[in-house]
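# Architecture at a glance
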Amino acid sequence: MTLRVMAEIGNKKELSRSSILIGNDLDAVKMTLEFHGKMKQRNIEVTLEELEFTRASFGYFNIQDQMNTPMVHCAPAGFGKSTMLEIWGTYNGLNKSPLWGAIVAKPKVEQVIKFTKEVNAQVGGTATALIGRENVSTDEDYQKQFELQELTPMIVMTHKMLETLVSQKRLQEFSKWVDPDGNARRRTTLIIDERPRFTETVELTPATIEKLVDLVRNVSIASEGEEGFYYWEVKNMAEKLQNKLKKPVQKGARAVYSIAAIDPLWRIPEKLQADWLKFTSLLGEDNHTLLGTFEEAIKRGGTCQVSGSKGNMETTLTLGRMVWQEVTFMNTHILDGTAMGDENYKFRAFNKIAPIIPKNAYSNTTIKNCYKHNLGKMFFDNNKTAIDKTVKLAKEVSRNHRRLLVVVYQKYLPKYEKKLAQEMAMGTIKLKHFDDERSTNDFADCDAVLFLGIHRKAMGYYPEITRLVTSEEVNAEHTTQGGLKFTCDPVQGFFIADQVTDRLQGIARTRNYKSETPVTVYMFSMEKEIPERITEEFEGAALEEWKLPFSLTDTEAKETASDKFKAWLQGFATQPTGSSIKKKEVYADVLGIGRTQWSEIQKSDEIQSFMDSLGIEFKGHSIIKR
């Protein structure tokens, strides 16, 4: 079978073998025809290439043989992935339930319940929702769902429950079901709707390290009646780690920095591991993972961040940790529209397929980017009128659209809700806070979105997760001039890719894929690579510079010498290759500054980076266009 799809190949042999298996799958063809019919009922045109992707996805879902490499199906938001999944469940439940079974993971509880009801409404007894105790009325109802799941070929759960079952090594308990004749059958396929959590960050402080030492002492005394050898070993390692975290921070020193491993070969003593598990009642509710986190810190170091005010400073050590565990006894599929190019997938091989996107799929999407600000949280801290002015901006932008989605920082959400209450009541503005931007159709009726900021994680997150997914040694060196930039290339690459992925997901909440209504995106990014990459991902979309109708700062800042020099550089960049000019002519005649101030401008990382992007360099006493 020749696939007419886009692909990122993680395991070529596996993909080729699987493609042969699905070549003559008539069930996949029938499901594709049903999908096409449903899309026509919704007046959505589906191309032959998109149908080819749909047929391939159904075919891969249907594979019963062992698949070692997880598949990622990268259809964009609005394509109909949820409809595909519903068709697949009902078709198999109706036609071949004795030989078929699956686990489906959805991000949210309400999605689990809705999907289960939709499938069972068409084919009763096909699916069981497996949800947490807090989401059911009684203990009896909670226990009953575990009994029901044994009798249905499909169980549906949240990402969180899937993660819990995998971490507890209990997922295999749910890979079997019993048919009406009492025969045991397999649940072969695992389908995860949206990217699951592959990684997380955990933190240690001097206080939590002291807590760990106390817990190890308690466990040792409970086991041996005294402070045993492993207590003194852990105490010694803890003192070495605390010394690194308690070192005084000099004025002008970086608030975020990397520390090296104390002992890369150190392991938790076997006796301590056994006692830690034996005396869990002594640990308290939230401390079970503390010992494992401590071992990781000793073995490989981490990223430190200093925070607090003068006289009350504390250093927090951030560590990245892999939470994804192998589930290759099942055939694993992930539905994620932005998986192509997502750095989070780099930690292992994935086979990714995506439909060939029609050239006009995003022709009604326009990205308007303001290059003047990032609107980071510091912007709101430094400008007392920032909330009022961005509220005014939202109201002004909304006048040009039917319904505007405004995305703000969670910290400020109550203030925006109060100040935009009238517009929200009228339905001209919808409001949400920054999150992972996935798994909601609540904003499909919006024809514009205004992002008042960026969805940036804690500073230590980026070097730690980059280290995990790339297996490279990295550092936390960075600059904040013109926005956060890491000097370590792998970390900067992950940072940019993470920003782009989140923004793509956020824009897709408007269902701009093949939208007949023009969709306009208003955003802020001083890093021009971000809007450019977003536009490239949206085939046919337009990118425009957004000139703000008024200043968002408390007072309009005077143009600095650096600003004037950057403006001059943009003009000089249009000159032919090899063009040159004496430095003195620029700083004395154009900028009107002296040699001392000029020397500071030349040393600026921001200026050096800006010149490099334009193909301009300092050479001797001249400025050269390369």
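Reference entry: report on the structure contained in this document. Owing to the predicted nature of the structure, the values given are computational and were not obtained by experimental measurement.

### So, the packing of helix H19 (residues 561–572) against helix H22 (residues 605–614)
At a closest axis distance of 10 Å, the pairing of H19 and H22 adopts a crossing angle of 10°. Classified by the angle their axes make, H19 and H22 are roughly parallel. Between H19 and H22, the contacting residues are Ser-562, Phe-565, Lys-566, Leu-569 and Gln-570 on the first element and Glu-606, Ile-607, Phe-610, Met-611 and Leu-614 on the second. Residues of the contact of H19 with H22, tallied by class, amount to six nonpolar, two polar and two charged.

### Notes on the pairing of strand E14 (residues 351–354)
Judged by which residues are buried, E14 turns out to be covered on both faces: Asn-351 and Ile-353 on one side and Lys-352 and Ala-354 on the other are all buried. Sheet analysis places strand E1 (residues 6–8) next to E14, joined by three bridges and oriented antiparallel. Across the sheet, Ala-7 pairs through a bridge with Ile-353, a residue of E14. Pairing geometry for strand E2 (residues 71–73) and E14, over three bridges, is parallel. Paired with Val-72 across the strands is Lys-352, a residue of E14.

### Brief notes about the sheet that holds strand E22 (residues 542–545)
Across the sheet, which stays open at both edges, the six strands sit in the order E17-E16-E18-E21-E15-E22 with parallel pairing between neighbours. At either end of the open sheet lies a strand with only one pairing partner, and these are strand E17 (429–433) and E22. Within this sheet the neighbouring strands show an average axis-to-axis angle of 20°, counted without direction. With four bridges joining them, strand E16 (residues 404–408) and strand E18 (residues 448–451) adopt parallel strand pairing. The residue bridging Val-407 from the neighbouring strand is Phe-451, located in E18. Packed on one face of the sheet, helix H13 (residues 386–398) meets E16, E17, E18 and strand E21 (519–524) and runs near 160° to E16.

### Considering the pattern of salt bridges
Under the definition given, this model contains 35 salt bridges. Between Glu-200 and Arg-197 there is a salt bridge, with the nearest N and O atoms lying 2.8 Å from each other. Looking at Glu-200, the relative accessible area reads 15%, which means it is buried. Exposure remark for Arg-197: the relative accessible area of 41% places this residue in the partly exposed category. Notably, a salt bridge pairs Glu-296 with Lys-299, separated by 3.7 Å at the nearest N-O pair. Taken together, the positions of Glu-296 and Lys-299, both in helix H11 (residues 290–300) and three residues apart, correspond to about one turn of that helix. Linked by salt bridges that have partners in common, Glu-296, Lys-299, Arg-300, Glu-464, Arg-467 and Glu-473 make up one network.

### Describing the packing of aromatic side chains
Considering all chains together, one arrives at 38 aromatic pairs under this definition. Ring geometry for Phe-61 versus Trp-88: centroids 5.6 Å apart, planes at 70°, classification edge-to-face. Of this pair, Phe-61 sits in helix H3 (residues 48–62) while Trp-88 sits in helix H4 (residues 81–95), and the two are 27 residues apart along the sequence. Residue Phe-61 shares its accessibility class with Trp-88, and that shared class is buried. Aromatic side chains Tyr-587 and Trp-598 sit 5.5 Å apart centroid to centroid with 25° between the ring planes, which places their arrangement in the stacked category.

### Some remarks on the pairing of E16
The element E16 is largely enclosed, with a buried count of five among its five residues. Neither face of E16 is exposed, since Leu-404, Val-406 and Val-408 on one face and Leu-405 and Val-407 on the opposite face are all buried. The sheet contact formed by E16 and E17 spans five bridges and is parallel. Within E17, the position partnered with Val-406 by the bridge is Leu-431.

### Describing a positive patch on the surface
A contiguous patch of positive charge on the surface is contributed by Lys-377, Lys-411, Lys-415 and Arg-456. Following the sequence through the fold, Arg-456 ends up in the loop between E18 and helix H16 (461–470).

### Quick word on the packing of helix H2 (residues 26–41) against H4
The contact between H2 and H4 brings their axes to 10 Å, and the two run at 130°. With respect to their mutual orientation, H2 and H4 come out oblique. Relative to H4, the crossing made by H2 is right-handed. Residue-level contacts link Asp-27, Lys-30, Met-31, Glu-34, Phe-35, Lys-38 and Met-39 of H2 to Thr-83, Met-84, Glu-86, Ile-87, Trp-88, Tyr-91 and Asn-92 of H4.

### A word on the nonpolar core
Membership of the largest hydrophobic core comes to 104 residues, with the highest contact counts inside it found for Trp-88, Tyr-416 and Phe-524. Per-element tally for this core: the top contributor is helix H17 (residues 489–508), with seven residues.

### Focus on the side chain of Thr-390
By the secondary structure assignment, Thr-390 is in helix H13. Thr-390 gets classed as buried once you look at its relative accessible area, which sits at 0%. Polar contacts involving the side chain of Thr-390 include one to the main-chain carbonyl oxygen of Ile-387, which spans 3.0 Å.

Rules used in this analysis
Residues numbered from 1 in each chain as written. Predicted model: local features only at pLDDT ≥ 70, side-chain atom pairs only at ≥ 80, totals over all residues. Heavy atoms only, no water. Axes fitted to C-alpha atoms, helices over the stretch in contact; angles between N-to-C directions. Helix = DSSP H or I, 4+ residues; strand = E, 2+ residues; numbered from the N terminus. Parallel < 35°, antiparallel > 145°, perpendicular 65-115°, else oblique. Contact = heavy atoms within 4.5 Å. Nonpolar A, V, L, I, M, F, W, Y, C, P; charged D, E, K, R; others polar. Buried < 20%, exposed > 50% of the residue type's maximum accessible area, 1.4 Å probe, protein only. Pairing = 2+ DSSP bridges. Salt bridge = Lys/Arg side-chain N within 4 Å of Asp/Glu carboxyl O. Phe/Tyr/Trp six-rings, centres within 6.5 Å; stacked < 30°, edge-to-face > 60°. Patch = residues over 30% accessible without salt bridge, like charges linked within 9 Å, V, L, I, M, F, W, Y side chains within 5 Å. Areas by Shrake-Rupley, 256 points an atom, 1.4 Å probe, with all protein chains shown as cover. Lys, Arg positive; Asp, Glu negative; His and termini not counted. Charge placed at Lys NZ, Arg CZ, Asp CG, Glu CD. Left-handed = near helix turned anticlockwise from the far one by under 90°. Core = buried A, V, L, I, M, F, W, Y, C linked by side-chain atoms within 4.5 Å. Polar contact = N/O pair within 3.5 Å; in protein donor to acceptor, adjacent residues only side chain to side chain.

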